[in-house]
Amino acid sequence: MYVVTNGVNLDLISKPEKNNHLKDQLGLSGKFVIGYIGTHGMAHRLETIVEAALLIKNTGDSNQDIHFLFLGDGAEKKYLQKKVMELRVTNILFLDTVPKDKIADYLSMLDIGVVHLRKHAIFQSVIPSKIFEYMAAGVPILHGVNGESAQIVLREDVGVVFEPENSKDLVKKIFELKKMAVSLQKLSVNGRDAAQKYDRRKLARKMMTIFREVKK
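Residues numbered from 1 in each chain as written. Predicted model: local features only at pLDDT ≥ 70, side-chain atom pairs only at ≥ 80, totals over all residues. Heavy atoms only, no water.

(A) Region of the structure containing the overall build of the protein. Within the protein one finds nine helices and six strands. Computed over the C-alpha atoms, the radius of gyration of the protein is 17 Å, within 12% of the 17 Å expected from 2.2 N^0.38 for a compact globule of 216 residues. In terms of overall dimensions, the protein has C-alpha extents of about 65 × 40 × 30 Å along its principal axes. Taken across its 216 residues, the protein has 48% of its residues classed as buried. Considering only residue pairs separated by 6 or more positions, the protein has 75% of its internal contacts joining residues 24 or more positions apart. For the protein, the distance from the average position of its 33 positive side-chain charges to the average position of its 25 negative side-chain charges is 3 Å. (Helix = DSSP H or I, 4+ residues; strand = E, 2+ residues; numbered from the N terminus. Rg over C-alpha atoms; globule rule 2.2 N^0.38 Å. Buried < 20%, exposed > 50% of the residue type's maximum accessible area, 1.4 Å probe, protein only. Contact = heavy atoms within 4.5 Å. Lys, Arg positive; Asp, Glu negative; His and termini not counted. Charge placed at Lys NZ, Arg CZ, Asp CG, Glu CD.)

See below:
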């Protein structure tokens, strides 16, 4: 059996320059931005991130520069927006899906990128493709998925793992990373280096090699 993982298009996403103009337009200048980019679906249980944002909002002035950015669409988006309004969570910004060639601009604004799926055994063998995009963009990862994908994040030293569906643990890890600028920089550099292993062109060539070997 051969396994070829998903990867990233490095032509589209490769350590983008900071788009400060866009960050200013979105009212995020001077903010420590934590982003979730991807599908807002039932499997992702993004309420965990909303709950974390509320906990941070209520911790005091020292953490009011932390802001969450949700970019994407999905079956649960309207529910999440309604929940944010009901809870009066003011440190979350929702944006609609943008063209793939614009994603790098939004990734450039992130200090941390979140990956999250429900705490269920079925997801232990899932590898969310967004981890490779975060790597290529040099965005440190907060990873809330058990199993194989968490092993990749830890093995490549590109982020920190938190317990899925545990908003308190997520907040704890956010605070720890925010205090350690040197660690964030190290995770960023490691991510850019690791992304080279998951270049889709290289993976495609690997797959073709496997096909030729099997054909023999």
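Back to the write-up after that little detour.
(B) Region of interest: the environment of Ile174. Positionally, Ile174 belongs in helix H7 (residues 167-179). In sequence terms Ile174 and Glu51 are 123 residues apart; their C-alpha atoms lie 13 Å from each other.

(C) Main features of the environment of Gly144. Following the sequence through the fold, Gly144 ends up in strand S5 (residues 141-144). The exposure class assigned to Gly144 is buried, which follows from its relative accessible area of 0%. Linking Gly144 and Leu117, residues 27 residues apart in sequence, is a C-alpha distance of 6.5 Å. In this structure, Gly144 is in contact with Val115, His116, Leu117, Phe162 and Pro164, ignoring residues within four places of it in sequence.

(D) Examining the pairing of strand S3 (residues 92-95) more closely. Summarising the sheet, strand S2 (residues 66-71) and S3 pair through four bridges and their orientation is parallel. Along S3, the bridge assignment pairs Leu71 with Leu95. In the classification by handedness, the crossover that spans S2, the intervening helix H3 (residues 77-87) and the parallel S3 is right-handed. (Pairing = 2+ DSSP bridges. Right-handed = clockwise from strand over helix to strand, strands pointing away.)

(E) Local environment of the sheet that holds S3. Reading across the sheet, the six strands line up as S3-S2-S1-S4-S5-S6 and stay open at both edges, with parallel pairing between neighbours. Edge positions in the sheet fall to S3 and strand S6 (159-161), since each of these pairs with one other strand and no more. Put simply, the sheet's adjacent strands are angled 20 degrees from each other on average, direction ignored. (Axes fitted to C-alpha atoms, helices over the stretch in contact; angles between N-to-C directions.)

(F) Layout of the packing of aromatic side chains. One pass over the full model with this rule turns up three aromatic pairs. Here Tyr36 and Phe70 contribute two aromatic rings whose centre-to-centre distance is 6.2 Å and whose plane-to-plane angle is 45 degrees, an arrangement assigned as tilted. Here Phe70 lies in strand S2 and Tyr36 lies in strand S1 (residues 32-37), a separation of 34 residues in the sequence. Pair check on accessibility: Tyr36 and Phe70 agree, each one buried. Taken together, the ring pairs connect Tyr36, Phe70 and Phe94 into an aromatic cluster. Sitting above the plane of the Phe32 ring, Lys178 keeps its charged end 5.8 Å from the centroid. (Phe/Tyr/Trp six-rings, centres within 6.5 Å; stacked < 30°, edge-to-face > 60°. Lys NZ or Arg CZ within 6 Å of the ring centre and 35° of its normal.)

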